[in-house]
Amino acid sequence: MTSNYCILIVGYIFGFYMAWNIGANDVANSMASAVGAKAITIRQAVFIAGILNVFGAIFIGSHVTNTIRKGIVSAEILADPHVALIGALSALLAAALWVSFSTWKSLPVSTTHSIVGAMIGFGIMAGGFSVIKWGKLAAIVMSWIISPFFSIIIAFIMFKIIVRLIISKKNQFTKALNLSPYFVGITFFVIILSFLFKTPLGKKLSIETPAALAVSLILSIIFGIICKNLLSRFIKKKSTSTAETIFKRIQIGTSCYVALAQGANDVANAIGPLAVIYFIVKTGNVGATVPVPFFLLFFGGIGIACGIGMAGHRVMDTIGSKITTLTNTRGFAIDFAAATTVLVASKMGLPVSTTHATVGGVLGVGLARGIEAVNFRIIFKIMLYWFLTVPASALTSMAIFKILQLIL
Amino acid sequence: MRIPFMSMFIASPFDGLQEHAEKVKECAWAFQQAMECHIADKCRTFEEFRQNVVRMESEADAIKRRIRGHLPKGTLMPVDKFQLFRYLREQDRVLDAVEDSLNWLSYRSEPGIPDKLQRDFFLLVDANIDPIEELSTMVLEARKYFKSFSEKQRTLVKDIIRNLRRQEHEADKVEAMIKKKILNMDIDPVTIFHMITLAEIIGSIADHAENAGDMMRAMIAR
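Criteria and thresholds
Residues numbered from 1 in each chain as written. Chains lettered and ligands numbered in written order. Predicted model: local features only at pLDDT ≥ 70, side-chain atom pairs only at ≥ 80, totals over all residues. Helix = DSSP H or I, 4+ residues; strand = E, 2+ residues; numbered from the N terminus. Buried ≥ 20, exposed ≤ 12 C-beta atoms within 10 Å, placed from the backbone. Contact = placed C-beta atoms within 7 Å. Rg over C-alpha atoms; globule rule 2.2 N^0.38 Å. pLDDT = per-residue confidence, 0-100. Expected span 1.5 Å × (residues − 1). Bend = angle between axes of the 7 residues up to and from the residue. Nonpolar A, V, L, I, M, F, W, Y, C, P; charged D, E, K, R; others polar. Pairing = 2+ DSSP bridges. Core = buried A, V, L, I, M, F, W, Y, C linked by C-beta atoms within 7 Å. Axes fitted to C-alpha atoms, helices over the stretch in contact; angles between N-to-C directions. Parallel < 35°, antiparallel > 145°, perpendicular 65-115°, else oblique. Left-handed = near helix turned anticlockwise from the far one by under 90°.

The next thing to look at is the overall build of chain B. Of regular secondary structure, chain B possesses seven helices and one strand. In terms of its C-alpha atoms, chain B occupies a principal-axis envelope of roughly 70 × 35 × 20 Å. By the burial criterion, 41% of the 222 residues in chain B qualify as buried. Within chain B, contacts between residues separated by at least 24 positions form 82% of all contacts whose residues are at least 6 apart in sequence.

Right, here's the structure in full:
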């Protein structure tokens, strides 16, 4: 039993390390457009991302964590808890190893893909091919393909709308101000809905689907109007002010949105396998019916926040100085598309990559001819690493499993 | 590359385009001074000005190569890549014509431009400098158009292009007038050949500026 506790402690350490890495590296993707468009400073980005990642992790993060925990490997049929324990630990180690390797070698490897690959490796070693839930896995892989496209489409349409209705007009400042409640309202609608719909919070307040929709709609209208009033109060119209002036403020809100979505989706990459270990050590089985405890999600959120606080600064500094062609309207479209994609996926329990959603957002605006120069070909490189990461981390996970089996 | 977001944004070719246009403008001033110097008697600095223009031309060439060499395949831009290159080529030809005219003048320094033609050549140079100065404004305004896609901004760019066309027409008229005058002068045939070709080269500056304007018109077409 003591060895089990040792494994749990090692699990905590590596879970924290994974979360730290997500915070340090991936936060740059989500906050980059806001920092690049000079809507927020790096200090603000670190602050916003830190806090809202924790929020997203706690309140919306359980779906994806459950998917990682019991969606890929049907842990119920694992005969031996000891094998499952070693397996989960090796999955966590393998994923952490991959994230470190990709950081060291500067490869565009997704933490999400690493952890899913590692979980597959664990399942195969612990119970053979039959314990892998291939149907669910197919859905996850589909979500990896669909999510960037979804993000491209949203960003494209959003930017086209902004061009058509606001920035191509003569009085673009007034137009932007008048239409701001709609943009803010849509954002709030998705956020509030994701808080109320199928979450512990929603259950506690006993809000059903239609009620959740109604509440979100009403609240988003209210927030939209409040935001418009705030905007018109705090931004004085000058001869130089354009729609960008308005969107600069709105983008502060969308950065929060992105950080929230990121916390919701990415916490699972660190906490998913840890939750398996936790339940085996505590209860002797994977606890399929028990929800992920609050403090595990909180632990993951804090890990991400620590990563942001310690290393996010440096990464965002590089980005802010390099990306100068991005304006606030473009940044808004990118943020909105990426965050909506990730949040919707999180609600569906699909572990998608925040990085890929952001890349999709940039491409969407690029396809709408909104950016002076975007390199499209990056996606081919990213796609190559899709196909490499999953088998590679699965094999690593298998190898670690064999080694750990000898030791433990 | 760990952060693909960052690698997606590459240096904007419009920065280079702007820089190139500024170089052209700078060259135009040096060209004007060189011509004035050459026409005025006892000028010793003509060669210096010419060398200056030659240097600037090679700098502009470097900018041109940098733009062409640093647009990877599959770059998304507000305009088609080859439209951009075609525009750049015309803008560069303006500069080539400026350099050529000074070189051509330097091949035969005596007796220089005959007294009777001096005023006309001043006119021709001025008529060709005007469109060059418009180029950098045009690039600047076009960039603003690609930021906002507003009809107002598009009209502004179109006005500049129309202006270029008009200025080219004016320059053509001066060129024709000067050629007619040269061919009816009683001077030695070598000087006539020298002067006619000079007028043609200087006249081509405005032609290329107008062509650049036409390329820009294609770039801002909806």
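Still to come is the rest of the account.
Here the focus is the overall build of chain A. For chain A, the helix and strand inventory stands at 14 helices and one strand. Against the compact-globule benchmark of 22 Å for 408 residues, chain A has a radius of gyration of 21 Å, which places it among compact chains. Dimensions of chain A, computed from the C-alpha atoms along their principal axes, are close to 75 × 45 × 35 Å. Sorting the 408 residues of chain A into buried and exposed places 61% on the buried side. The long-range fraction of contacts in chain A, counting pairs at least 24 apart against all pairs at least 6 apart in sequence, stands at 88%.

Mean pLDDT over chain B: 90, with 98% of residues reaching 70 or higher. Both scores are given for the predicted complex: the pTM is 0.88, the ipTM 0.84.

Turning next to helix α10 (residues 243-283) of chain A. Residues and elements named next belong to chain A. Taking 1.5 Å of rise per residue, 41 residues should cover 60 Å, and α10 covers 57 Å from first to last C-alpha, within 8% of that figure. At Ala270, α10 shows its maximal kink, close to 45°; a proline, Pro273, follows between one and four residues later. With 36 of 41 residues buried, α10 is to be regarded as a mostly interior element.

If you look at the interface, chain A gives 37 residues, while chain B gives 28 residues. The leading source of residues in the side of chain A that touches chain B is helix α13 (residues 354-367) of chain A, at six residues. For the side of chain A that touches chain B, a count of residues per class yields 18 nonpolar, 13 polar and six charged. Pairing between strand β1 (residues 374-375) of chain A and strand β1 (residues 75-76) of chain B: two bridges, direction antiparallel. Pairing of A:Asn375 across the sheet is with B:Thr75, part of β1(B).

Let's shift gears to the nonpolar core. The nonpolar side chains of a soluble globular protein tend to be buried with one another. Counting residues in each nonpolar core, the largest one holds 211 residues, and the members touching the most others are A:Met31, A:Ala95, A:Met119, A:Ala155, A:Ile277, A:Ala333 and B:Val98. Discounting residues that sit within four places of it in the chain, B:Val98 has contacts with B:Cys27, B:Ala28, B:Phe31, B:Val53 and B:Ile205.

All names here are of chain B. For the pair helix α3 (residues 46-69) and helix α4 (residues 81-106), interaxial distance at closest approach is 10 Å and the crossing angle is 160°. With respect to α4, the element α3 is oriented roughly antiparallel. For the crossing formed where α3 meets α4, the hand is left-handed. Here Arg50, Val53, Val54, Glu57, Ala60, Lys64, Ile67 and Arg68 of α3 lie close against α4, whose contacting residues are Phe85, Leu88, Asp92, Leu95, Val98, Glu99, Leu102 and Ser106.

Take unusual backbone geometry next. All names here are of chain A. At Lys38, a position not held by glycine, the phi torsion is positive, near 60°. Among the secondary structure elements, Lys38 is positioned in the loop between α1 (2-36) and α2 (42-60). Positive phi, close to 55°, is recorded for Ser106, a residue that is not glycine. Counting through the fold element by element, Ser106 comes out in the loop between α4 (81-105) and α5 (111-127). What makes Ser106 exposed here is the crowd of 11 C-beta atoms within 10 Å.

A word on helix α14 (residues 378-407) of chain A. Here α14(A) is 30 residues long and its end C-alpha atoms lie 42 Å apart, about the 44 Å a rise of 1.5 Å per residue gives. The largest bend in α14(A) comes to about 30°, at A:Leu388, with the proline A:Pro391 one to four residues further on. When we look at burial in α14(A), the residues that qualify are A:Ile378, A:Ile382, A:Thr389, A:Val390, A:Ala392, A:Ser393, A:Ala394, A:Thr396, A:Ser397, A:Met398, A:Ile400 and A:Phe401. Those residues of α14(A) that are buried lie in contact with α4, α5, α13 and β1 of chain A together with α1 (4-8) of chain B.

Turning to the packing of helix α5 (residues 115-148) of chain B against helix α6 (residues 151-183) of chain B, a few remarks are in order. Residue and element names in this part refer to chain B. Running from amino to carboxyl end, α5 crosses α6 at an angle of 165°, the nearest separation of the two axes being 9 Å. Classified by the angle their axes make, α5 and α6 are roughly antiparallel. Relative to α6, the crossing made by α5 is left-handed. Across the contact of α5 with α6, the residue classes tally to 17 nonpolar, six polar and 10 charged.

All right, on to the environment of A:Phe197 then. Position of A:Phe197 among the secondary structure elements: in the loop between α7 (172-196) and α8 (200-204). A:Phe197 sits 14 residues away from A:Ala211 along the chain, and the two C-alpha atoms are 9.5 Å apart.

Residue and element names in this part refer to chain B. With respect to the helices, strands and loops of the structure, Thr137 is situated in helix α5. Classification of Thr137 by C-beta neighbours within 10 Å gives partly exposed; the count is 15. When the C-alpha positions of Thr137 and Ile160 are compared, they lie 8.2 Å apart, and in sequence the two are 23 residues distant.

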